[in-house]
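Here's the letter readout for the chains.
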Amino acid sequence: MSPSALSALLAVAVASIVLAQPDPADPTPLVDKHYAYPSGIPYQVDYNTAALRGPQVGYNICNSTTENQDSMCQTSFLNHIDDFCLWAPSQPNSTIGDTEGQEVAWCTKPGHGTRLIPAGALQGVQLIKTPNYIQIAGYIDQTQINIAAGDYGGELDPHGADLRGNPLGGLMYSNAFPSNGGNNDTYQQVIDWTNFMGGNGFCFKICDPAGQNQQALCQNIYDRLGCAYNAPNNAKNGTFEVCDGDDMTPPGVYTSNGQTMTYFQPPESLGPITTVPYTPVVPASSNCVTYQSAAIYSGQPVPTGVAAGTGSGTLASGTRTASAGAPASTSNDASAVGVSSVVGVVGVLFAMAFLS
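The rules behind each value
- Residues numbered from 1 in each chain as written.
- Predicted model: local features only at pLDDT ≥ 70, side-chain atom pairs only at ≥ 80, totals over all residues.
- Heavy atoms only, no water.
- Helix = DSSP H or I, 4+ residues; strand = E, 2+ residues; numbered from the N terminus.
- Buried < 20%, exposed > 50% of the residue type's maximum accessible area, 1.4 Å probe, protein only.
- Contact = heavy atoms within 4.5 Å.
- Areas by Shrake-Rupley, 256 points an atom, 1.4 Å probe, with all protein chains shown as cover.
- Salt bridge = Lys/Arg side-chain N within 4 Å of Asp/Glu carboxyl O.
- Pairing = 2+ DSSP bridges.
- Axes fitted to C-alpha atoms, helices over the stretch in contact; angles between N-to-C directions.
- Polar contact = N/O pair within 3.5 Å; in protein donor to acceptor, adjacent residues only side chain to side chain.
- Disulfide = S-S within 2.5 Å.

Visitor: Got a minute to help me understand the overall build of the chain in this structure?
Guide: A count of helical and extended segments in the chain gives six helices and 17 strands. The 356 residues of the chain split such that 56% are buried. Restricting to contacts in the chain with at least 6 residues of sequence separation, those with at least 24 account for 73%. Counting only carbon and sulfur atoms, one obtains 54% of the accessible surface of the chain, whose full area is about 14,200 Å².

Spelled out as structure tokens, the structure:
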């Protein structure tokens, strides 16, 4: 790694530390709470009633006795295209902004003690395996997992302003990393991850605990920039696929005139973000395998009957249009995604609406 690139990554890491401060009543950050699965997990990771945001609303010991559509399980998984969870509200018609600290796990298959994503809610999913992270992105009828129609959502992550995470006490595990040695019966705790929900779309990236650049690749300080900048992807509505891929350039890091630069999003107090100095790039992917949704999702409950939300085009970011014109091929060279570097002010505002 070049000295300038290393400096850029260090700048991002320092910024993430400065922006967050521990709650004096619960000073241990969520990322420093490590538990072996399943034997080491406590009933609640965050139980401190004196903390400013109170204790977590759910629990972390989840099994067949907690597996139902009212489950308050806050232990989540990302293993494969047919076996992953998303963070979403426990109550219908909720917004991510109002409930970020209380989200619960909604999973694609039974066996994790959680709620199940209803049949047909997932409308297109792409899972990418890279040397250092696993990323899943796609389209979803978000009303089926209690996100209000029209909510453009926001980010869930293991940090938050008080370092207690959003959701509070939310744990993440996976059996799919190369460092797991192919043992599907053994789960590793994921320390660094990011999940954007809203706008009838989602993206979720988990970094390999044994990999490189975990904190940079799964950065959580660009919560106003959505999937396009944090998890560039070529997910398409109606397509379900798994691909190998290259690592993305860490969020915020870009090259201009041969120099490695670092962009930091401005504080919300300065108003909407109207321009970003670089265009995110979808890393090259290969070895893509396509699946039929009926073949990979089974055992899910019947939808509630709420009219299904729809997406169109390619999931480039959490935009109001959800179709910013990224490439449609399933094996691609590195290519520009979604929000163009020359997009007008209105286009950028739409892209940021996902995070407002």
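We are not done yet, so read on.
Visitor: It is not clear to me how the pattern of salt bridges should be interpreted in this structure. Could you clarify?
Guide: A side chain with one charge may pair with a side chain of the opposite charge, provided their charged atoms come close. One pass over the structure, following the stated rule, counts seven salt bridges. It is possible to trace a salt-bridge network through shared partners that takes in Asp23, Asp26, Lys33, Asp46, Arg53, Asp162 and Arg164.

Visitor: Which parts of the structure should I look at to understand the sheet that holds strand β7 (residues 154-156)?
Guide: In a beta sheet, neighbouring strands are held together by backbone hydrogen bonds and run either parallel or antiparallel to one another. Taken in spatial order, the seven strands make up an open sheet running β7-β10-β11-β6-β5-β12-β16, and their pairing is mixed. In this open sheet, the two edge strands, each paired with only one partner strand, are β7 and β16 (285-291). When strand polarity is set aside, the average angle formed by the axes of neighbouring strands in this sheet is 15 degrees.

Visitor: Would you mind going over the environment of phenylalanine 240 with me for this structure?
Guide: Turning to its location among the elements, phenylalanine 240 is positioned in strand β12 (residues 240-245). Sequence separation of phenylalanine 240 and tyrosine 291 is 51 residues, and the distance between their C-alpha atoms is 5.4 Å.

Visitor: Help me understand unusual backbone geometry, please; the structure alone is not making it clear to me.
Guide: Excluding glycine, most residues fall at negative phi; most peptide bonds, likewise, are trans. Omega for the bond connecting tyrosine 37 with proline 38 falls within 30 degrees of zero, at -5 degrees, which places this linkage in the cis form. By the element assignment, proline 38 lies in the loop between α1 (3-19) and β1 (75-80). Proline 167 follows asparagine 166 through a cis peptide bond whose omega is 10 degrees. Looking at the element boundaries, proline 167 is found in the loop between β7 and β8 (171-174). We note that leucine 163 has phi near 65 degrees; this positive angle belongs to a residue other than glycine. As for its position among the elements, leucine 163 is in the loop between β7 and β8.

Visitor: It is not clear to me how the sheet that holds β8 should be interpreted in this structure. Could you clarify?
Guide: The mixed open sheet is built from six strands, whose spatial order is β4-β3-β2-β1-β8-β9. Whereas interior strands pair on both sides, the edge strands pair on one side only; in this sheet they are β4 (115-116) and β9 (188-189).

Visitor: Looking at this structure, how should I read the environment of alanine 51?
Guide: Following the sequence through the fold, alanine 51 ends up in the loop between α1 and β1. Its relative accessible area of 7% is what places alanine 51 among the buried residues. Once the C-alpha coordinates of alanine 51 and arginine 164 are considered, the two residues, 113 residues apart in sequence, prove to be 9.8 Å apart. Not counting residues within four places of it along the chain, the set of residues in contact with alanine 51 comprises Asp23, Ala25, Asp26 and Arg164.

Visitor: Honestly, the side chain of threonine 75 in this entry has me stumped. Any pointers?
Guide: Within the secondary structure, threonine 75 is located in strand β1. For threonine 75, a relative accessible area of 2% gives the class buried. A polar side-chain atom of threonine 75 sits 2.8 Å from the main-chain carbonyl oxygen of asparagine 60.

Visitor: Looking at this structure, how should I read the state of the cysteines?
Guide: Every disulfide links exactly two cysteines, by a covalent bond between their sulfur atoms. Inspection of every chain in the model, using the stated rule, returns five disulfides. A sulfur-sulfur distance of 2.1 Å marks the disulfide that ties cysteine 62 to cysteine 73. Residues cysteine 62 and cysteine 73 are joined by a disulfide whose S-S torsion is about 100 degrees; by sign, that bridge is right-handed. Residue cysteine 62 is located in the loop between α1 and β1, and its partner cysteine 73 is located in the loop between α1 and β1; the two are separated by 11 residues in the primary sequence. Take cysteine 62 and cysteine 73: they sit in the same class, and that class is buried. Residue cysteine 207 pairs covalently with cysteine 218 via a disulfide, S to S 2.2 Å.

Visitor: When you look at the pairing of strand β5 (residues 122-129) in this model, what are you seeing that I'm missing?
Guide: Look at any regular strand and the pattern is simple: side chains alternate between the two faces of the sheet. Extensive coverage of β5 is indicated by the burial of seven of its eight residues. The pairing of β5 with strand β6 (residues 133-140) spans seven bridges and is antiparallel. Considered in β6, the bridge of glutamine 126 is made with alanine 137. Connecting β5 to the antiparallel partner β6 that follows it, the hairpin turn spans three residues. Here β5 runs beside β12; their pairing, made up of five bridges, is parallel. Bridging across to β12, isoleucine 128 finds its partner in cysteine 243.

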